[in-house]
Amino acid sequence: MASTVVIVVAAITAFWLILYTLFGKKEVDPETGAPVEKEEGLSVDFLVAMWRTKRLLGFIDRVSRANRRFWKVYSDIGIALGYMGMAYVFFMLLTTALKTLQTRESPAGVQLVIPGVTIPLWYGLIGLAVVMVVHELSHGVVARAEGLPLKSVGLVLLAVIPGAFVEPDEEELLKAPLRSRLRVYGAGSLANVLTAILAALLISYAVSPLLTPNGVEVGGVIKGTPADGVLQKGDVILAINGESTKTMDEFITVMNKTKAGETITLRVLREGKELNLQLTLAENPDNPGKGFIGIHPVQHVASRVGHEGIVLPLFFALYWIYVLNIGIGLMNLFPLVPLDGGRMLDDVIKEYLPEGVARPVRYATIGIGLFLLALNLLPALLNLAG
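Residues numbered from 1 in each chain as written. Predicted model: local features only at pLDDT ≥ 70, side-chain atom pairs only at ≥ 80, totals over all residues. Heavy atoms only, no water.

*Asks:* Got a sec to walk through the overall build of the protein? Specific residues and values, please.
*Replies:* Along the protein, the regular secondary structure elements total 10 helices and 14 strands. Taken along the three principal axes of its C-alpha coordinates, the protein extends 75 × 50 × 40 Å. Within the protein, the proportion of its 386 residues that are buried is 38%. Taking all contacts inside the protein whose residues are at least 6 apart in sequence as the whole, residues at least 24 apart take part in 66%. Summed over its atoms, the accessible surface of the protein is roughly 21,700 Å², and 64% of this surface lies on carbon and sulfur atoms. Here the protein contributes 33 positively and 34 negatively charged side chains, and the mean placements of these two sets differ by 3 Å. (Helix = DSSP H or I, 4+ residues; strand = E, 2+ residues; numbered from the N terminus. Buried < 20%, exposed > 50% of the residue type's maximum accessible area, 1.4 Å probe, protein only. Contact = heavy atoms within 4.5 Å. Areas by Shrake-Rupley, 256 points an atom, 1.4 Å probe, with all protein chains shown as cover. Lys, Arg positive; Asp, Glu negative; His and termini not counted. Charge placed at Lys NZ, Arg CZ, Asp CG, Glu CD.)

Encoded structure:
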């Protein structure tokens, strides 16, 4: 495992060194000597590669002109969703932060999204790519529907995470009426939420009917429990003491019959082979007297129609598209600049409050936002550190 990590890190480092050597040189303004960003083509900075083009601007223009009234209604819905989502995310992070301060526990707050580390590599990359593409296209289309110019569109690579972007003319955006700005800001998260809803519908009505429960998968093993050293992440528990555990309900029913200190026999599927394993149960911390294995159980599924190489990847791709779009789309509404939610709140504060009041309110909002974000990120960082 360690050697694999070293190889991966070395390969990524070599890739960026080569890329920076070939394309990292920036154009310089002959008069000022200051670096100038390329309007088109590839530019490379520290762990950030951006490819800009103007060719897709015509496509965005055509989409925005197709029905300007629709895009205005669409983006007004985005404004409403933006403020409702802002309040919801702020409330959830505040609740989690207060619980952390009161109990000194570390409940789940903001989760880190790192493909191959905290989420599956390929499904995570697919999900993140969809998040960024629909988010940025939505910003771009609404900006053009509001008559605001775009400088370029393109692709971005952040370390190992791919994405897309639409680059508006910031000076023109700042001069635009407040409602136009709010429409542009709110459009991105609205697109993410709508994409998540579409993915959920496809899962529920197109893919889920093709799947059948086929055991309880070990999503993770809790250290120091009976499962530690016996079960492995990815094992599928098919039966306990001869009783089927193909569904989560069956698994819970069987476990509720067990007692602490009892030795049980598990029929487990591991890398295509069935094994019989034994372990002695501990006491369930949430149900005294009952048996406790010490795993994070996840429902394992199989295809009803065969073709598992197509059906299962489609299911998991849609699942992660749903999870990442709803999670990142809402988190982007957190009232902290430079997130869209922060820009929506900041612009309203500057518009309606006197400068002498607006400035301290803005600073207070930034301070509170950073404090809440830090408290909610802490558990994720501790878990990542092991």
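*Asks:* Which residues make up the side chain of glutamate 146, and what are the values?
*Replies:* Note that glutamate 146 resides in the loop between helix H4 (121-145) and strand E5 (150-158). Taking relative accessible area as the criterion, glutamate 146 reaches 15% and is therefore assigned buried. A polar side-chain atom of glutamate 146 sits 2.9 Å from a polar atom in the side chain of arginine 183. In this structure, glutamate 146 is in contact with Lys72, Ser180 and Arg183, ignoring residues within four places of it in sequence. (Polar contact = N/O pair within 3.5 Å; in protein donor to acceptor, adjacent residues only side chain to side chain.)

*Asks:* A description of the packing of aromatic side chains should follow, citing residues and the corresponding values.
*Replies:* The relation between two aromatic rings is expressed through the spacing of the ring centres and the mutual angle of the planes. As enumerated under the stated definition, the model contains seven aromatic pairs in all. Centre to centre, the rings of tryptophan 71 and tyrosine 74 are 5.1 Å apart; their planes meet at 85°, and the pair counts as edge-to-face. Placement of both tryptophan 71 and tyrosine 74 in helix H3 (residues 68-103) is noted, with a separation of three residues, approximately one turn of the helix. Given a relative accessible area of 14%, tryptophan 71 falls into the buried group. When the ring of phenylalanine 315 is compared with that of phenylalanine 316, the centres are 5.1 Å apart and the planes differ by 70°; the resulting orientation is edge-to-face. Taken together, the ring pairs connect Phe70, Trp71 and Tyr74 into an aromatic cluster. (Phe/Tyr/Trp six-rings, centres within 6.5 Å; stacked < 30°, edge-to-face > 60°.)

*Asks:* Give me the lowdown on helix H9 (residues 340-352), citing residues and values where you can.
*Replies:* Here H9 contains 13 residues, and its C-alpha end-to-end distance of 19 Å stays within 8% of the 18 Å for a straight helix at 1.5 Å per residue. Here H9 has its buried residues at Asp340, Gly341, Gly342, Met344, Asp346, Asp347 and Ile349. (Expected span 1.5 Å × (residues − 1).)

*Asks:* So what's going on with the environment of phenylalanine 292? Residues and values would help.
*Replies:* Structurally, phenylalanine 292 is set in strand E13 (residues 291-292). Residues phenylalanine 292 and leucine 112, 180 residues apart in the sequence, show an inter-C-alpha distance of 29 Å. Contacts of phenylalanine 292, omitting those with residues within four sequence positions, involve Ile222, Thr225, Pro226, Met255, Leu281, Ala282, Glu283, Asn284 and Pro285.

*Asks:* Describe the environment of glycine 234, listing the residues and the values that go with them.
*Replies:* Turning to its location among the elements, glycine 234 is positioned in the loop between strand E7 (211-221) and strand E8 (236-240). Leave out the neighbours within four places in its chain, and glycine 234 touches Glu217, Val218 and Leu269.

*Asks:* Report on the pattern of salt bridges, specifying residues and quantitative values.
*Replies:* All told, the structure shown has 16 salt bridges when counted by the stated rule. Where arginine 179 meets aspartate 76, a salt bridge forms, and the shortest distance between an N and an O atom there is 2.7 Å. One end of the pair, arginine 179, is in helix H6 (residues 178-207); the other, aspartate 76, is in helix H3, with 103 residues separating them in the sequence. Here aspartate 346 ties to arginine 362 by a salt bridge, and the two come within 2.6 Å at their closest N and O atoms. Of the two residues, aspartate 346 is situated in helix H9 and arginine 362 in helix H10 (residues 355-385); the sequence distance between them amounts to 16 residues. (Salt bridge = Lys/Arg side-chain N within 4 Å of Asp/Glu carboxyl O.)

*Asks:* Before we move on, can you summarise helix H8 (residues 308-331) with the specific residues and values?
*Replies:* An α-helical turn contains 3.6 residues, so any two residues separated by three or four positions project in the same direction. Between its first and last C-alpha atoms H8 spans 33 Å; for 24 residues at 1.5 Å apiece the expected length is 34 Å, and the two agree. Among the residues of H8, those classed as buried are Val311, Leu312, Phe315, Ala317, Leu318, Trp320, Ile321, Leu324, Asn325 and Gly329.

*Asks:* Pulling in residues and values, what's your account of the confidence of the model for the protein?
*Replies:* With 91% of its residues at a pLDDT of 70 or more, the protein has an overall mean of 87. When pLDDT is averaged over each helix and strand of the protein, the minimum, 62, is found for strand E2 (residues 35-36) and the maximum, 96, for H6. (pLDDT = per-residue confidence, 0-100.)

*Asks:* Describe a nonpolar patch on the surface, listing the residues and the values that go with them.
*Replies:* Residues Leu56, Phe59, Val133 and Leu137 make up a contiguous nonpolar surface patch of roughly 320 Å² in combined accessible area. You can see leucine 56 is positioned in the loop between strand E4 (48-53) and helix H2 (57-66). You can call leucine 56 partly exposed: its relative accessible area is 48%. (Patch = residues over 30% accessible without salt bridge, like charges linked within 9 Å, V, L, I, M, F, W, Y side chains within 5 Å.)

*Asks:* Describe in detail the packing of H6 against H9, supporting the description with residues and values.
*Replies:* In contact at an axis separation of 9 Å, H6 and H9 are set at 170° when each is read in the N-to-C sense. Taken together, the axes of H6 and H9 are roughly antiparallel relative to one another. Where H6 crosses over H9, the two elements pack in a sense that is left-handed. On the side of H6, the interface is formed by Leu178, Arg181, Leu182, Tyr185 and Gly186, while H9 contributes Asp340, Arg343, Met344, Asp347, Val348, Glu351 and Tyr352. In terms of residue class, the contact of H6 with H9 is built from six nonpolar, one polar and five charged. (Axes fitted to C-alpha atoms, helices over the stretch in contact; angles between N-to-C directions. Parallel < 35°, antiparallel > 145°, perpendicular 65-115°, else oblique. Left-handed = near helix turned anticlockwise from the far one by under 90°. Nonpolar A, V, L, I, M, F, W, Y, C, P; charged D, E, K, R; others polar.)

*Asks:* Run through the nonpolar core, naming residues and quoting values.
*Replies:* Considering soluble globular proteins, one finds that nonpolar side chains tend to be buried as a cluster. Ranked by internal contacts, the top residues of the largest apolar core, which has 26 residues, are Ile60, Tyr74, Leu148, Leu150, Leu182, Val184 and Met344. Elements represented by at least two residues in this core include exactly H2, H3, H4, E5 and H6. Ranked by the residues each element gives to this core, the list is headed by H6, at eight residues. Residue contacts for leucine 150: discarding those within four places in its chain leaves Leu57, Ile60, Gly140, Ala143, Arg144, Val166, Glu167, Pro168 and Asp169. The next biggest cluster of nonpolar side chains, apart from the first, holds 17 residues, and it includes Ala227, Ile240, Phe251 and Ile293. (Core = buried A, V, L, I, M, F, W, Y, C linked by side-chain atoms within 4.5 Å.)

*Asks:* Can you explain the environment of arginine 267? Please cite residues and give values.
*Replies:* Along the chain, arginine 267 turns up in strand E10 (residues 263-270). Sequence separation between arginine 267 and alanine 317 is 50 residues, and the spatial gap between their C-alpha atoms is 29 Å.

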